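One letter stands for each residue in the lines below.
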Amino acid sequence: MDDVMSRDLISGLPQSIIESILTRLPIRDAVRTSILSSKWRYKWATLTQLVFDEKCVILSNDRCKVEDGLVNFITRTLFLHQGPIHKFQLTTTHLQCCPDIDQWLLFLSRNDIKELVLELGEGEWFRVPSCLFNCKKLTRLDLFRCEFDPPPTFKGFLCLKSLNLHQVLVSPEAIESLISGCPLLESLALSYFDSLALTIRAPNLKFLCLEGEFKDICLENTPLLVAMSVAMYMTDDIAEHFEQSSTCNFNRFLGGVPRLERLIGHIYFTKFLSIGDDLGRLPITYAHLKVVELNQVSFEDMKEILVVLRLITNSPNLRELQISGSSNTLAAIDAPDLDFWEDECPSNCTFKQLRVVRMTDMSGVPHEMEFIKFLLANSPALETMSISPCVYVMDGRLNMLIELLRFRRASAQAEILFIQD
Amino acid sequence: MSEVDMAVIKPEMMKSYIWLQTADGSIQQVEQEVAMFCPMICHEVIQKGMGSSKNYAISLPQRVNPAMLSLILDYCRFHQVPGRSNKERKSFDEKFIRMDTKRLCELTSAADSLQLKPLVDLTSRALARIIEGKSPEEIREIFHLPDDLTEEEKLEPLKNTTDDPRIRLLNRLYAKKRKELKERQKLKNIEVEEERVDDRSVDDLLSFINGDNGDSKGIKNSKSKKKNRRRKDQQKNTSANEAIKNHNKEPNGLNQVCCSAEVGQTVRAGVGATSNLHDVEDDIFDNKNELDDGDIDDEIDPALKEKIDREVEDFARRLNSDWPERMQEILSFGHERKPVHFSLNGNGSLRRYANSEQR
């Protein structure tokens, strides 16, 4: 046996390395190492990261069997585990509302869980048990398809840094108080909520990702926000709500984020921002804003164009700009307010750092062309301007090109790329 | 670089060097920026002022031998250059990591002692890739791990309720027996030769399980080499045991899900579906050859022997008689069965199990 022991290549490595290796294995392989040799029997048992998914069990067509197998596997693994569990991740479509999950969460809440990711299946959503709210050390919480109902005594997760709720049934007040109750929160992602009106107060928030039907969003206290990505789906009643609203959404949303570096807006974001009365000069300058991506900007709506202009003219260090249009070409013939560009447009602003501009889904409507003209004329450092026409526009392309040729360029080295599909 | 070489270099090209000493005593110089890429060396230089000359060479930890040091320095030399793209670095890493497993393990150890985390991560990933998806036998072979767990220990942790309880019973019995025999062997310290099992006519039980030539593959009936009448049954059982056992031995209980399920499924597929289990045996018999113990029938306490034989016979009889009902059971309730727990003393439990079966 001595001979074998001295030949043993790997068991002598420090436990931290062994754990690092085992953590990189699928959990099933990691647990299997327990029968390799006597030394390996419990090496896996102190792993602090447990990631379960459907690869843990043999797939078969029998759904019940797979479910049972998965439940058994997880239960046994937890039972055999020793020591703290810092990360627990479960991703499966097979389990939805399974009572075992409650027990696992109870177990985890007693074992210093720090990162919890539950991605469960469609169907009846899992109702998160109260023991979850006792996980004092939680730093990351990802819930997919769950019901989240904090008890009234719940004040928040004091250590939580990252919160991701996707398709979670929760009352707006609960979310707001949850966010406010997590003072260290740095990353927040909320997706697929219905008609959510939300005020976000998170003094340490750096990353924000919103996707869903939001009736109203106000970033009241997010001074450290660095990057945000917002997709606002519009339903009829939200649209109606917007019609009647008079508060300036732009200020409410972007009024308090001086450190913003990246801004990505999808679907109706610019429309959302355009709602409300224009309060004139923007109080802040986005001195750090480098990358702006706005999708589905309608260049027929003057208000949306104003929003875009307002944003970029207050971003002296803007480097990259990407805009995709969503104009209806049939209405393009008759464009109102075309004088704006001559008369009212800020003529003394220069985009000194702007290097790359991408305009996609361009229909060639007059305002789009004027906007491009405006950019070209005021970007002395521009390197690339790429323009991709919308797929539905076939006839207008030549006209677009002819116009483009005429535009003056402030930057001698600017390349204009017309990208055909 | 030796000092002679250094003299040839023009003064303006001279860089600073750090002196390193490996555990075997050999000392070498390394360019400063390369060596300082290792946190441990960096610490020694900055905090303790070591490494500036041959007399004050930094003593590297024991786990860093010259060959490993050379590899590590190659790694550092490439990565400490700031201008490289991520793609280049990745590509270098992929090529760098191609080495035999022994060196990979040594490298991991050495990198860890020098606190060079990126390299530790890289090697850990490579080792994980090696381990992933392989059977325990393969892993043991690659890393030269001793197979020193008893069967029972292997089975203990993670049984799965989809196991066919019959198989679990066989495993338990086998494990217990093997353990006892192993202990005896240790006491006697006899080197036991494997004796090939004679071909013998196959008992009905075995024909249910695995068809005609269950024995003739040179099954390691390591327990019972002495063949007497009683042994015959037992051997049939043990060979079936082995078959299933071995199959279940490779993975631990977790894989028993799949292996037992496979076996279970072969059982389910019909009483006559013996071919699958055949294949099972085929697969595993190559691996089972280290079972050297157990050929000491003569020395087995006859009383114990008797007891074991009785148990097995009892079991075999029960199986034989119950088979059709059991088949039915398996087909309908396969995954709801609760594990039946056995004590090491097989008697009581066998009785218990037997009782529960004979409703």
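Small disclaimer: the values here were computed from a predicted structure and weren't measured. (Residues numbered from 1 in each chain as written. Chains lettered and ligands numbered in written order. Predicted model: local features only at pLDDT ≥ 70, side-chain atom pairs only at ≥ 80, totals over all residues. Heavy atoms only, no water.)

Undergrad: Honestly, the overall build of chain A in this entry has me stumped. Any pointers?
TA: Broken down by element type, chain A carries 13 helices and 17 strands. For chain A, the proportion of its 421 residues judged to be buried stands at 52%. Put simply, of all contacts in chain A between residues at least 6 apart along the chain, 66% involve residues at least 24 apart. Carbon and sulfur atoms provide 50% of the accessible area of chain A, an area that totals close to 18,900 Å². (Helix = DSSP H or I, 4+ residues; strand = E, 2+ residues; numbered from the N terminus. Buried < 20%, exposed > 50% of the residue type's maximum accessible area, 1.4 Å probe, protein only. Contact = heavy atoms within 4.5 Å. Areas by Shrake-Rupley, 256 points an atom, 1.4 Å probe, with all protein chains shown as cover.)

Undergrad: Which parts of the structure should I look at to understand the pairing of strand 11 (residues 227-232) of chain A?
TA: It is a general feature of regular strands that their side chains alternate between the two faces of the sheet. Residue and element names in this part refer to chain A. Across the six residues of strand 11, six count as buried, placing the element largely inside the fold. Here strand 11 shows a buried face lined by Ala227, Ser229 and Ala231 and a second buried face lined by Met228, Val230 and Met232. Note that strand 9 (residues 207-212) and strand 11 share six bridges and pair parallel. Paired with Gly212 across the bridge in strand 11 is Met232. In this sheet, strand 12 (residues 262-266) lies alongside strand 11 in parallel orientation, the contact comprising five bridges. Counterpart to Ser229 in the pairing with strand 12 is Ile264. (Pairing = 2+ DSSP bridges.)

Undergrad: Honestly, a negative patch on the surface in this entry has me stumped. Any pointers?
TA: All names here are of chain A. A contiguous patch of negative charge on the surface is contributed by Asp236, Asp237, Glu240 and Glu243. Mapped onto the secondary structure, Asp236 falls in helix 7 (residues 236-244). Residue classification places Asp236 among the exposed residues on the basis of a relative accessible area of 68%. (Patch = residues over 30% accessible without salt bridge, like charges linked within 9 Å, V, L, I, M, F, W, Y side chains within 5 Å. Salt bridge = Lys/Arg side-chain N within 4 Å of Asp/Glu carboxyl O. Lys, Arg positive; Asp, Glu negative; His and termini not counted. Charge placed at Lys NZ, Arg CZ, Asp CG, Glu CD.)

Undergrad: I keep staring at the environment of Asp337 of chain A and nothing clicks. Help me out?
TA: Note on placement: Asp337 of chain A falls in the loop between strand 14 (320-325) and helix 11 (340-343). As for Asp337 of chain A and His367 of chain A, which are separated by 30 residues in sequence, their C-alpha atoms are 8.9 Å apart.

Undergrad: Any chance you could explain the packing of aromatic side chains here in plain terms?
TA: To describe a pair of aromatic rings, you give the distance between the ring centres and the angle between the ring planes. Residue and element names in this part refer to chain A. On inspection of all chains with the given rule, the structure shows 15 aromatic pairs over all chains. Here the aromatic rings of Phe52 and Phe73 are separated by 5.9 Å at their centres, their planes lie at 80°, and the arrangement is edge-to-face. Here Phe52, found in strand 1 (residues 49-53), pairs with Phe73, found in helix 4 (residues 63-80); they are 21 residues apart in sequence, far enough to count as distant. Both residues of the pair, Phe52 and Phe73, count as buried. (Phe/Tyr/Trp six-rings, centres within 6.5 Å; stacked < 30°, edge-to-face > 60°.)

Undergrad: I would appreciate a short explanation of the environment of Arg310 of chain A in the present structure.
TA: All names here are of chain A. Mapped onto the elements, Arg310 comes out in helix 10 (residues 302-313). Taking relative accessible area as the criterion, Arg310 reaches 13% and is therefore assigned buried. Taking the C-alpha atoms as reference, Arg310 lies 8.8 Å from Arg281; in sequence the two are 29 residues apart.

Undergrad: Would you explain the side chain of Ser37 of chain A in this entry?
TA: Residue position: Ser37 of chain A is located in the loop between helix 3 (27-32) and strand 1. Assessed through its relative accessible area of 1%, Ser37 of chain A is described here as buried. Among residues more than four places away in sequence, those in contact with Ser37 of chain A are Leu145, Pro146, Asp148 and Leu149 of chain B.

Undergrad: Explain the packing of helix 6 (residues 101-113) of chain B against helix 7 (residues 117-131) of chain B here, please?
TA: All names here are of chain B. At their nearest, the axes of helix 6 and helix 7 sit 9 Å apart, and the two run at 150° to each other. Between helix 6 and helix 7, the angle is such that the two are roughly antiparallel. Helix 6 and helix 7 meet at a crossing whose hand is left-handed. Only Leu119, Val120, Thr123, Ser124, Ala126, Leu127 and Ile130 of helix 7 make contact with helix 6, whose side of the interface consists of Thr101, Leu104, Cys105, Leu107, Thr108, Ala111 and Asp112. Of the residues assigned to the contact of helix 6 with helix 7, the class counts are nine nonpolar, four polar and one charged. (Axes fitted to C-alpha atoms, helices over the stretch in contact; angles between N-to-C directions. Parallel < 35°, antiparallel > 145°, perpendicular 65-115°, else oblique. Left-handed = near helix turned anticlockwise from the far one by under 90°. Nonpolar A, V, L, I, M, F, W, Y, C, P; charged D, E, K, R; others polar.)

Undergrad: I would appreciate a short explanation of the pattern of salt bridges in the present structure.
TA: When the charged atoms of two side chains with opposite charge come close together, those side chains can pair. On inspection of all chains with the given rule, the structure shows 24 salt bridges over all chains. A salt bridge links Arg103 of chain B to Asp100 of chain B; its shortest N-O distance comes to 3.9 Å. For Glu137 of chain B, the salt bridge is made with Arg140 of chain B, and the minimal N-O distance between the two is 3.7 Å. Here Glu137 of chain B pairs with Arg140 of chain B, and both are found in helix 8 (residues 136-143), just three residues apart, close to one helical turn. Accessibility classification places Glu137 of chain B together with Arg140 of chain B in one group, the buried group. Taken together, the salt bridges that share partners define one network made up of Arg24 of chain A together with Lys117 and Asp121 of chain B.

Undergrad: Honestly, the sheet that holds strand 1 (residues 17-21) of chain B in this entry has me stumped. Any pointers?
TA: The strands making up a sheet associate through backbone hydrogen bonding, with each pair oriented either parallel or antiparallel. Residues and elements named next belong to chain B. An order of 2-1-3 is seen for the three strands of this open sheet, with the pairing classed as mixed. Looking at the sheet topology across the chains shown, the edges are occupied by strand 2 (27-31) and strand 3 (58-59). As paired strands, strand 1 and strand 3 are joined by two bridges and run parallel to one another. Looking at the pairing, Gln21 lines up with Ser59 of strand 3.

Undergrad: Looking at this structure, how should I read the pairing of strand 6 (residues 162-169) of chain A?
TA: Residue and element names in this part refer to chain A. When you tally the buried positions in strand 6, you get seven out of eight residues, the bulk of the element. Pairing analysis gives seven bridges linking strand 5 (residues 140-147) to strand 6, with the strands arranged parallel. Residue pairing for strand 6: Leu141 is matched across the bridge by Leu163. In this structure, strand 6 lies alongside strand 7 (residues 187-191), joined through five bridges in parallel fashion. If you follow Ser162 over to strand 7, its bridge partner there is Ser187. As a crossover connection, the stretch from strand 6 through helix 6 (residues 172-180) into strand 7 is right-handed. (Right-handed = clockwise from strand over helix to strand, strands pointing away.)

Undergrad: What's the story with the nonpolar core in this structure? I'm lost.
TA: Across soluble globular proteins, you tend to see nonpolar side chains buried next to one another. Counting 176 residues, the largest nonpolar core has Phe88, Phe253, Leu254 and Phe371 of chain A together with Ile41 of chain B as the members making the most contacts within it. Leave out the neighbours within four places in its chain, and Leu254 of chain A touches Met228, Asn249, Leu260, Leu263, Leu273, Ile284, Tyr286 and Leu311 of chain A. (Core = buried A, V, L, I, M, F, W, Y, C linked by side-chain atoms within 4.5 Å.)

Undergrad: So what exactly am I meant to see when it comes to unusual backbone geometry here?
TA: All names here are of chain A. Although it is not a glycine, Ile267 sits at a positive phi angle of roughly 25°. The residue Ile267 is located in the loop between strand 12 and helix 9 (269-274) in this model. Classification of Ile267 by relative accessible area gives partly exposed; the value is 28%. Despite not being glycine, Asp361 shows a phi value in the positive range, around 55°.

Undergrad: I'm lost on the environment of Val30 of chain B in this one. Help?
TA: Within the secondary structure, Val30 of chain B sits in strand 2. Each C-alpha atom, one on Val30 of chain B and one on Trp19 of chain B, is 6.3 Å from the other, the two residues being eleven residues apart in sequence.

Undergrad: Is there a simple way to think about the state of the cysteines in this case?
TA: Should the sulfur atoms of two cysteines be covalently bonded, the bond is a disulfide. Residues and elements named next belong to chain A. Under the defined criterion, the tally for this structure stands at zero disulfides over all chains. No disulfide involves Cys182; its sulfur sits 9.6 Å from the nearest other cysteine sulfur, which is in Cys159. Residue class for Cys182 comes out buried when judged on its relative accessible area of 1%. (Disulfide = S-S within 2.5 Å.)

Undergrad: Looking at this structure, how should I read helix 13 (residues 396-406) of chain A?
TA: Every α-helix winds through 3.6 residues per turn, so residues three or four apart in the chain are directed the same way. All names here are of chain A. What helix 13 keeps buried is the set Arg397, Met400 and Leu404. One side of helix 13 holds all its buried residues, which, seen down the axis, span an arc of 60°. Exposed side of helix 13, more than 90 degrees from the buried face: Leu398, Leu405 and Arg406 are the residues found there. Those residues of helix 13 that are buried are in contact with strand 15 (356-362), helix 12 (366-377), strand 16 (384-389) and strand 17 (415-418). (Arc of directions from axis to C-beta.)

Undergrad: I tried to follow the confidence of the model for chain B on my own but got confused; where do I start?
TA: For any part of a model where pLDDT is low, the fine detail of the predicted coordinates should not be relied upon. Residue and element names in this part refer to chain B. For chain B, per-residue confidence averages 65 on the pLDDT scale, and 45% of positions sit at 70 or higher. Averaged over each element, pLDDT in chain B is lowest for helix 13 (residues 253-268) (40) and highest for helix 7 (92). Across residues 193-199, where pLDDT falls below 50, the model places 13 contacts with residues more than four positions away in sequence or in other chains. Low confidence marks residues 212-299, where pLDDT is under 50. Its contacts with residues over four positions away, or in another chain, come to 234 contacts. With a pTM of 0.67, the predicted complex shows an ipTM of 0.74. (pLDDT = per-residue confidence, 0-100.)

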